[in-house]
Amino acid sequence: DFNSFVIRTNTCGELRSAHVGQEVTLYGWIQYQRQDLFLVLRDFQGLTQIIIPQDEAHSHVKKLLSNAPVESVVRVTGIVSPRPPGQENPKMPTGDIEVKAETAEILNSCKKLPFEIKDFIKKSEALRMQYRYLDLRSFQLQYNLRLRSRIVMRMREYLCNLHGFVDVETPTLFKRTPGGAKEFLVPSREAGKFYSLPQSPQQFKQLLMVGGLDRYFQVARCYRDEGSRPDRQPEFTQIDIEMSFVDQAGIQRLIEGLLQYSWPEERGSITTPFPSITYEEALADYGTDKPDTRFGMKIVDIGDFLRRSDIGFVQNALSYPCGTVKAICIPQGVRYLKSKDLESLKESAKSQFNQEIMEIICRPDGSLKSLLTKFLGEKQQSELIKVLNMQVDDVVLLAAGEHKRVCSALGSLRLESADLLEAAGLVLRDPTAFHFLWVVDFPELESAHHPFTAPHPSDTSLLYSDPTKVRSQHYDLVLNGNEVGGGSIRIHSAELQRFVLEKVLKEDSEVLSHLLEALEFGAPPHGGIALGLDRLISLIVDAPSIRDVIAFPKSFRGRDLMGNAPDYVTPEELEPYHIQVSWPLPEKEAKK
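Residues numbered from 1 in each chain as written. Predicted model: local features only at pLDDT ≥ 70, side-chain atom pairs only at ≥ 80, totals over all residues. Heavy atoms only, no water.

- Its UniProt record gives the protein chain the following Sequence similarities (unreviewed entry) comment, quoted word for word: "Belongs to the class-II aminoacyl-tRNA synthetase family. Type 1 subfamily." (UniProt positions renumbered as here; feature names shortened; annotations may be inferred.)

What follows is the structure, encoded as structure tokens:
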């Protein structure tokens, strides 16, 4: 009930023909005025057209509403009336009615705005951040934040009410965690000693399992000092989960059920179980550990086919143990890509991955145009067309070299060429589709950012002989080419955890002595996952940035432009923390 506890009778979005004849009191912001005849009143739920009275008896109401600036806050009391025939507005939920104002009051007049409060008006990012409280009045941000709230509420229901999870708040002031992102430091009153803001509640949730809580979750605030990284936030939110006596399949089933239960109806339905591929398959087929599976253009291995050829660079690449020759086929590339686009793709592979790229074009007569063709007979060329499934006007990008570098380069070109094709008018990725994917069996050393990940049971012995070959029990959840979650089955043996920290990851185990000791007191087998809530919501609402689903985000440099944080503090305020700022500041800082 949106009208409980407040002094309005209705919201601006709920009046319909059934309310005709009723006296109502509305509160809201003036969205629009026209010729002193009517105005549109807006609140969080919608819009209502208010008719300004023209008779002498209500002249004071007319003067009040006609002179009120746009975005002023007003109270209007009046009678709900049907709109005159032909003047209904089917685009507005309240478009069949209007309210004839009887009395009105300006509760707060609005001064000149820095920008118009309309979704279609382009505003600079800096201006939106500086006046975030005005930006929040837009329909899109209101929708995003309300949808976020609804999804989190459904997640709580699923975890707590249906599956017995315990919502536990963990400390924000803690100590440094080895590996992973840089952490923010918080000074203490003990000279030279600092807290760290946790990049996740990882250690605490494992300790809760040692404490016998069995299943924990938290809508957790996390902090990472990642500097100027676009579309990252120094503080962000995770749906953090940990369970005892669980395996990887159990965590995956839980998350699939959680997302299905909390998924907004207006975004269609999602099908479970989600498909799953290994890290090696993801790298080989898509060139990345977070594949966008909404479109094809998979990487094709043509090493075996070209092994019989006399092409020097191919034979050179294949002579190495990890050498490979791979390609991607760009559909209708001739038609949709300009020659400068192909050059920029090749330059991108060279600058980012130091990888040379060769192109092959399928002409209208079905023949191939490429520097390769002089090394291939007609039969080999037609076989190559079959291997790559080429059609007329397709363009193939071919790379030879070390396996991981070749795959990474082609994976990047796959996404870049998809962007170019779509910019030219070819639709490859359905913007309304949601393709979830589990990526599993990461190499243990790839999980170096997460030192608590257990090795695959069948690979444990390799830890001591050849750790590079060990698969970990780490799993990532990917949505439309974005990582939206990651977790693992944890190491619950103190001996194994100490070995992984000291011998495999070369980390100082002393900083984790409390966790290692806890594992010696009967720690249960356990595992968990964290979902990146900001990223997930931004993908659901198709927001251009995660800043559009956070009420008060930081700029991409990590600054709060509205409150001007971070800010300087006085030497007197620093004194209890035994800190002195080195003056003068570096020239770059001083200019800021």
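So, the nonpolar core
Link 1 in the chain: With 40 residues, the main nonpolar core has I241, I255, L259 and L477 as its most contacted residues.
Link 2 in the chain: Counting only elements with at least two residues in this core, the list comes to α4 (139-162), β10 (235-244), α6 (248-262), β17 (436-440), β18 (474-479), β19 (482-489), β20 (526-532) and α17 (533-540).
Link 3 in the chain: Ranked by the residues each element gives to this core, the list is headed by α4, at six residues.
Link 4 in the chain: Once residues within four sequence positions are removed from consideration, L259 is found in contact with M155, I270, F274, F436, L477, L531 and L536. (Core = buried A, V, L, I, M, F, W, Y, C linked by side-chain atoms within 4.5 Å. Buried < 20%, exposed > 50% of the residue type's maximum accessible area, 1.4 Å probe, protein only. Helix = DSSP H or I, 4+ residues; strand = E, 2+ residues; numbered from the N terminus. Contact = heavy atoms within 4.5 Å.)

Side note on the domain arrangement of the protein chain
Link 1 in the chain: As far as domains go, the protein chain holds domain 1 (17-108), domain 2 (143-277 + 434-548) and domain 3 (295-424).
Link 2 in the chain: Each of domain 2 and domain 3 has a C-alpha centre, and these two points are 38 Å apart. (Domains from an automatic or database assignment.)

Quick word on the packing of helix α7 (residues 279-286) against helix α13 (residues 403-423)
Link 1 in the chain: Between α7 and α13, the least distance of the axes is 7 Å, while the angle of their chain directions is 60°. With respect to α13, the element α7 is oriented oblique. Across from Y279, L283, A284 and Y286 in α7, the residues of α13 making contact are H403, K404, C407, S408, G411 and R414.
Link 2 in the chain: Its residues placed into classes, the contact of α7 with α13 shows five nonpolar, three polar and two charged. (Axes fitted to C-alpha atoms, helices over the stretch in contact; angles between N-to-C directions. Parallel < 35°, antiparallel > 145°, perpendicular 65-115°, else oblique. Nonpolar A, V, L, I, M, F, W, Y, C, P; charged D, E, K, R; others polar.)

Details of the pattern of salt bridges
Link 1 in the chain: Considering all chains together, one arrives at 33 salt bridges under this definition.
Link 2 in the chain: Across the salt bridge formed by R128 and E125, the nearest N and O atoms sit 3.7 Å from each other. Taken together, the residues span about one helical turn, with R128 and E125 both in helix α2 (residues 125-130) at a distance of three residues.
Link 3 in the chain: Here R128 falls in the buried class, since its relative accessible area comes to 16%.
Link 4 in the chain: Judged by its relative accessible area of 34%, E125 is partly exposed.
Link 5 in the chain: The salt bridge partner of D304 is R307, with a shortest N-O separation of 3.6 Å.
Link 6 in the chain: For D304, a relative accessible area of 58% corresponds to the exposed category. (Salt bridge = Lys/Arg side-chain N within 4 Å of Asp/Glu carboxyl O.)

Section: the pairing of strand β1 (residues 23-34)
Link 1 in the chain: Pairing analysis gives seven bridges linking β1 to strand β4 (residues 73-82), with the strands arranged antiparallel. Its bridge partner being in β4, L26 is matched across the sheet by V76.
Link 2 in the chain: Taken together, β1 and the strand that follows it, strand β2 (residues 38-43), pair antiparallel across an intervening segment of three residues, in which Q35 is found at a positive phi of about 45°. (Pairing = 2+ DSSP bridges.)

Quick look at the packing of helix α11 (residues 339-353) against α13
Axis angle and axis distance: for two packed helices, these are the angle between their axes and the distance between the axes, and together they describe the pair.
Link 1 in the chain: Between α11 and α13, whose axes approach to 10 Å, the crossing angle comes to 145°. For the crossing formed where α11 meets α13, the hand is right-handed. Contacts between α11 and α13 involve D341, L345, S348, A349, Q352 and F353 from the first element and R405, S408, A409, S412, L413, E416, S417 and L420 from the second.
Link 2 in the chain: Considering only residue class, the contact of α11 with α13 consists of six nonpolar, five polar and three charged. (Left-handed = near helix turned anticlockwise from the far one by under 90°.)

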